[in-house]
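Architecture at a glance
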Amino acid sequence: MSAVGKSTNIFWQECSVGKLDRQKLLKQKGCVVWITGLSGSGKSTLACTLDQELYSRSKLAYVLDGDNLRHGLNKDLGFSTEDRTENIRRVGEVAKLFADAGLICIASLISPYRKDRDSCRGILPESSFIEVFMNMPLELCEARDPKGLYKLARAGKIKGFTGIDDPYEPPLNCEIEIKQENGVCPSPNAMAGQVVGYLEEKGFLHE
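Please read these numbers as outputs of a predicted model, since none were measured by experiment. (Residues numbered from 1 in each chain as written. Predicted model: local features only at pLDDT ≥ 70, side-chain atom pairs only at ≥ 80, totals over all residues. Heavy atoms only, no water.)

**Considerations on the pattern of salt bridges**
Summed over all chains, the structure comprises 13 salt bridges. Among the ionic pairs, D100 bridges to R22, the shortest N-O distance being 2.9 Å. On the criterion of sequence distance, the pair formed by D100 in helix 4 (residues 81-100) and R22 in helix 1 (residues 19-26) is long-range, its members being 78 residues apart. Look at D100 and you get partly exposed, because its relative accessible area is 36%. Taking the relative accessible area as the measure of exposure, R22 reaches 22% and is therefore partly exposed. Where R57 meets E200, a salt bridge forms, and the shortest distance between an N and an O atom there is 3.8 Å. With a gap of 143 residues between them, R57 in the loop between helix 2 (43-56) and strand 4 (61-65) and E200 in helix 8 (residues 188-201) connect regions that are remote in the sequence. A relative accessible area of 39% places R57 in the partly exposed class. (Salt bridge = Lys/Arg side-chain N within 4 Å of Asp/Glu carboxyl O. Helix = DSSP H or I, 4+ residues; strand = E, 2+ residues; numbered from the N terminus. Buried < 20%, exposed > 50% of the residue type's maximum accessible area, 1.4 Å probe, protein only.)

This is the structure we're talking about:
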């Protein structure tokens, strides 16, 4: 019996089918690919392309998209520092469950604060949290502005917008960094290929 947070008198229920059994069934190893970066850096593009590439290889993945999650699981949260932290905490816990189920969980969120991303890393087994930093300059992201949010932020209509009047803390030791080469952004397939290559090398694409 234990107490966790505000929950008291609770017990951990073990089942006979475990993570290794599920991984053997799926012929892959569960992990979390956490894609972080500014709005407009290409996170969702990479997430969906990677998902498609893994599907083509008969590997089971699932995308947790930050905006999509705010339509349901996190619809009660705003964009204050405290709400951003809780947003990432919830997504980290869900991602952990997907990884435990044997899936390759692709989490695509700005996740601006380093300590919040590190907290998600801390709840997963060693090496199964793969941080992918979309290292694209603010000028490029703002020029893209696919959702028109930078324009609104510059006009003062959105407060606390990451990169404009709220900080983004880049990873210090990410597993994968994706950036421009000679001023040219890699294609979606090239970005996905970089991540797939890492997963293959580390043994996540076979049991």
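**Examining the sheet that holds strand 7 (residues 176-179)**
Judged by pairing direction, the sheet is parallel, and its five strands sit side by side in the order 4-5-3-6-7 without closing on themselves. On the outer flanks of this sheet lie strand 4 and strand 7, each paired with one strand and no other. For this sheet, the mean inter-axis angle between neighbouring strands, taken without regard to orientation, is 20°. Here strand 4 runs beside strand 5 (residues 104-108); their pairing, made up of five bridges, is parallel. By the bridge assignment for strand 5, V63 is matched with I106. Contacting strand 3 (31-36) and strand 6 (129-135), helix 5 (residues 114-122) runs over the sheet at an angle of about 155° to strand 6. Sheet contacts for helix 8: strand 3, strand 5, strand 6 and strand 7; angle to strand 7, the most-contacted strand, approximately 165°. (Pairing = 2+ DSSP bridges. Axes fitted to C-alpha atoms, helices over the stretch in contact; angles between N-to-C directions. Contact = heavy atoms within 4.5 Å.)

By themselves, these are just geometric observations and shouldn't be taken as functional.
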